Amino acid sequence: MINDNEVIDTLEELESFLLAVESGAFGLNNPAGVALATNNSDGRPFVAVLDNNHQLLLGRWVSQEVFENGKDLVRNGPSKTH
């Protein structure tokens, strides 16, 4: 479940989010992967940070444009260094 209404609207915002996850800025325990997904109840797209057991650690809503165009960024990781 995602408890905030923050929406990632651009690929630049998605890249910043991914860099923050990689750098440990969110203080997550054992983040193992990142995926783009859709909410089962309403189909709303989000980016998910998952642990080794594929449990959601952190999620942020994303716009439909980011969902459609950010797949390579999530799959390959951000190109910027932190």
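Figured I'd write up the structure that's included with this text. (Residues numbered from 1 in each chain as written. Predicted model: local features only at pLDDT ≥ 70, side-chain atom pairs only at ≥ 80, totals over all residues. Heavy atoms only, no water.)

1. Quick notes on unusual backbone geometry
Phase 1 of the analysis: Residues other than glycine seldom take positive phi values, yet Asn30 does so here, at roughly 60°.
Phase 2 of the analysis: Here Asn30 shows up in the loop between α1 (11-23) and β2 (33-38).
Phase 3 of the analysis: If you check the backbone angles, His54 has positive phi at about 60° while not being a glycine.
Phase 4 of the analysis: Within the fold, His54 resides in the loop between β3 (45-50) and β4 (56-62).
Phase 5 of the analysis: Taking the relative accessible area as the measure of exposure, His54 reaches 65% and is therefore exposed. (Helix = DSSP H or I, 4+ residues; strand = E, 2+ residues; numbered from the N terminus. Buried < 20%, exposed > 50% of the residue type's maximum accessible area, 1.4 Å probe, protein only.)

2. A closer look at the pairing of β2
Phase 1 of the analysis: In terms of strand pairing, β2 meets β3 through six bridges, oriented antiparallel. When the sheet's bridge partners are listed, Ala37 is paired in β3 with Phe46.
Phase 2 of the analysis: Counting the residues in the hairpin turn of β2 and β3 gives six residues, including Gly43, whose phi is positive at 75°. (Pairing = 2+ DSSP bridges.)

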